[in-house]
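Read off the chains here:
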Amino acid sequence: MKLKKILTSFVFLSSFCLSSCGSVKHYSETQYMIDVDYVSDFKILQLSDIHMGFEDDLNLHFSFMDLSIKEANPNMIVVTGDLFTFANYDVAKRLFDFFDSYDIPWSVVFGNHDEQVYFSPSTMNDLLMNKAKNAKFIDYIDDDIYGNSNYCINLKQGDKTKYQLYMIDSNRYQYKDYMGYDYIRDNQIKWYENMVNYSKNENGGTVVPSLAFFHIPFEEYNIAYQKAKNGEATLVYGDNRENVSSPKFNSGLFDKMVELGSTKATFVGHDHINNSQVNYQGIDLVYGVHSTNRVYYDNDRIGALSITLHDDLTYTIDRYYHTYEELK
């Protein structure tokens, strides 16, 4: 059984599943938004499942990720979860300094293993929001939204928002309703709906096109892949070499995305050896590429994925596959 399939029997006191303590506050839509300048053919590089820990040779993994970053030459980097497994503060600081070294914006959402660290959520917030010079990240420890990485990046062309990138925390583990992976909660979905509708109103009644990034795939990743086998959905790229590890409970985010008509594609990680892209009900459900050889991997499926956003509101997806043998 693969390591990620085994639910840990303990949770660190610094667990990121503790989204808030004490009283909570409500923040406005604009307080969850970060502006980044849009340029034609804006390229986003998705890295995923890095799994850095204090016993790892960090420089080796940095050199490996550098192969894809240099090949893609992106305008922005997004890491879709599982940045860490048993990391301490020094590991987090070195990883964030590595991303900062490219002098481009970068963002993260958290994965299920990102609770297994030796520092607190407030320490992580301080690193991302105050010390990492190029990080684009928002998390309010005391807000009324479940999770620790729910925010929106507006790609701005002058005064106009050309695209939006929704970062959504797919959370960690579920121990109460069932034993398994957690799900995106109702108040997160309501937050997403409010953000989309607010942006639509600000855009003169026209929906702003968006992409969404989170770690754990929702159930539709499996439904769509099975339907693609029967010709009921379109398999655009790749295949799955392992089962889709979605939560046991479907909280309805995909249906809300279809209803609102903003999000054109979702990008996840979590299942290291899946690389499928399926168009289902008008939305591309995309697996990223496992970005190191940590935990488990297939040697022909490690690297990165990029999304190029075009002025006509279309996008192109490319994948970069590399091996550690290239570093020798």
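Scroll up to find the structure.
Residues numbered from 1 in each chain as written. Predicted model: local features only at pLDDT ≥ 70, side-chain atom pairs only at ≥ 80, totals over all residues. Heavy atoms only, no water.

Peer 1: So, the side chain of Arg185: which residues are in play, and what are the values?
Peer 2: Tracing the backbone shows Arg185 in the loop between strand E8 (180–181) and helix H4 (186–202). A polar side-chain atom of Arg185 sits 2.9 Å from a polar atom in the side chain of Asp182. Other than its neighbours up to four places away in sequence, Arg185 contacts Tyr146, Asn171 and Gln174. (Helix = DSSP H or I, 4+ residues; strand = E, 2+ residues; numbered from the N terminus. Polar contact = N/O pair within 3.5 Å; in protein donor to acceptor, adjacent residues only side chain to side chain. Contact = heavy atoms within 4.5 Å.)

Peer 1: An account of a nonpolar patch on the surface is needed here, citing residue identities and associated values.
Peer 2: Where nonpolar side chains cluster on the molecular surface, the patch consists of Phe54, Phe86 and Tyr118 and spans about 290 Å² of accessible area. Inspection of the secondary structure assignment puts Phe54 in the loop between strand E2 (42–47) and helix H1 (58–72). Overall, the relative accessible area of 43% leaves Phe54 in the partly exposed class. (Patch = residues over 30% accessible without salt bridge, like charges linked within 9 Å, V, L, I, M, F, W, Y side chains within 5 Å. Areas by Shrake-Rupley, 256 points an atom, 1.4 Å probe, with all protein chains shown as cover. Salt bridge = Lys/Arg side-chain N within 4 Å of Asp/Glu carboxyl O. Buried < 20%, exposed > 50% of the residue type's maximum accessible area, 1.4 Å probe, protein only.)

Peer 1: I'd like a description of the packing of H4 against helix H6 (residues 253–260), backed by residues and values.
Peer 2: Between two packed helices, the angle of one axis relative to the other and the distance separating the axes together describe the packing. Running from N to C, H4 and H6 point in directions that differ by 15 degrees, and their axes come no closer than 10 Å. If you check the angle between H4 and H6, you find them roughly parallel. Remark: the crossing between H4 and H6 carries right-handed chirality. Between H4 and H6, the contacting residues are Ile189, Tyr192, Glu193, Val196 and Asn197 on the first element and Leu253, Lys256, Met257, Glu259 and Leu260 on the second. (Axes fitted to C-alpha atoms, helices over the stretch in contact; angles between N-to-C directions. Parallel < 35°, antiparallel > 145°, perpendicular 65-115°, else oblique. Left-handed = near helix turned anticlockwise from the far one by under 90°.)

Peer 1: Before we move on, can you summarise the environment of Val258 with the specific residues and values?
Peer 2: When you line up the elements, Val258 lands in helix H6. Judged by its relative accessible area of 32%, Val258 falls in the partly exposed class. Sequence separation between Val258 and Ile283 is 25 residues, and the spatial gap between their C-alpha atoms is 7.6 Å. With sequence-adjacent residues up to four places away left out, Val258 is seen in contact with Gln281 and Ile283.

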